[in-house]
Structures are given as structure tokens and as C-alpha cells.
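# Residue-level structural notes
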Amino acid sequence: MTKPREQNGVEPPLSEDDIQREQLGPRGVPGAPDPARMTPQRDKKTPKHIEPGHTA
């Protein structure tokens, strides 16, 4: 029996990275907190209010 294929353009519920993070933790250490933080420069560049776009 073969596994049904995903439709083109449909994202799976979890990516391979998400699955590995669940199994191994953020840095390969199960149960460890994620030390990644947004740098001040990246925080300044990230838009605060994102316009949802136009429907027409």
C-alpha cells in the first residue's frame, strides 16, 4: 500500500525542522530552553503594524 501524496501548494502541518525541535530541543538538547533572541537591529527592522492588504 502506498502513502497518499500531498497536494501541490499545501503545506504539511509540521515541517521537518518542527519535528526535530520537538524530538531534540532547540539546540539538540532535549528540554533545554531556546536561547535565540531577536537582536535590537532586527527588532527595529521588523514592522510593528502590518497592513493586511487590499481585497480588490
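Going by the structure above, here's the rest.
Below, the structure is looked at part by part. All values derive from a computational prediction rather than experimental measurement.

Calculation notes
- Residues numbered from 1 in each chain as written.
- Predicted model: local features only at pLDDT ≥ 70, side-chain atom pairs only at ≥ 80, totals over all residues.
- Heavy atoms only, no water.
- Helix = DSSP H or I, 4+ residues; strand = E, 2+ residues; numbered from the N terminus.
- Buried < 20%, exposed > 50% of the residue type's maximum accessible area, 1.4 Å probe, protein only.
- Areas by Shrake-Rupley, 256 points an atom, 1.4 Å probe, with all protein chains shown as cover.
- Patch = residues over 30% accessible without salt bridge, like charges linked within 9 Å, V, L, I, M, F, W, Y side chains within 5 Å.
- Salt bridge = Lys/Arg side-chain N within 4 Å of Asp/Glu carboxyl O.
- Lys, Arg positive; Asp, Glu negative; His and termini not counted.
- Charge placed at Lys NZ, Arg CZ, Asp CG, Glu CD.

## Comments concerning the overall build of the chain
When helices and strands are tallied, the chain shows two helices and zero strands. Per-residue burial over the chain gives 4% buried out of 56 residues. Here the chain displays about 6100 Å² of accessible surface, and carbon together with sulfur accounts for 54% of that area.

## Description of a negative patch on the surface
A grouping of Glu16, Asp17, Asp18 and Glu22 is seen on the molecular surface, where their side chains present a negatively charged patch. Take Glu16: it is sitting in helix α1 (residues 16-24).

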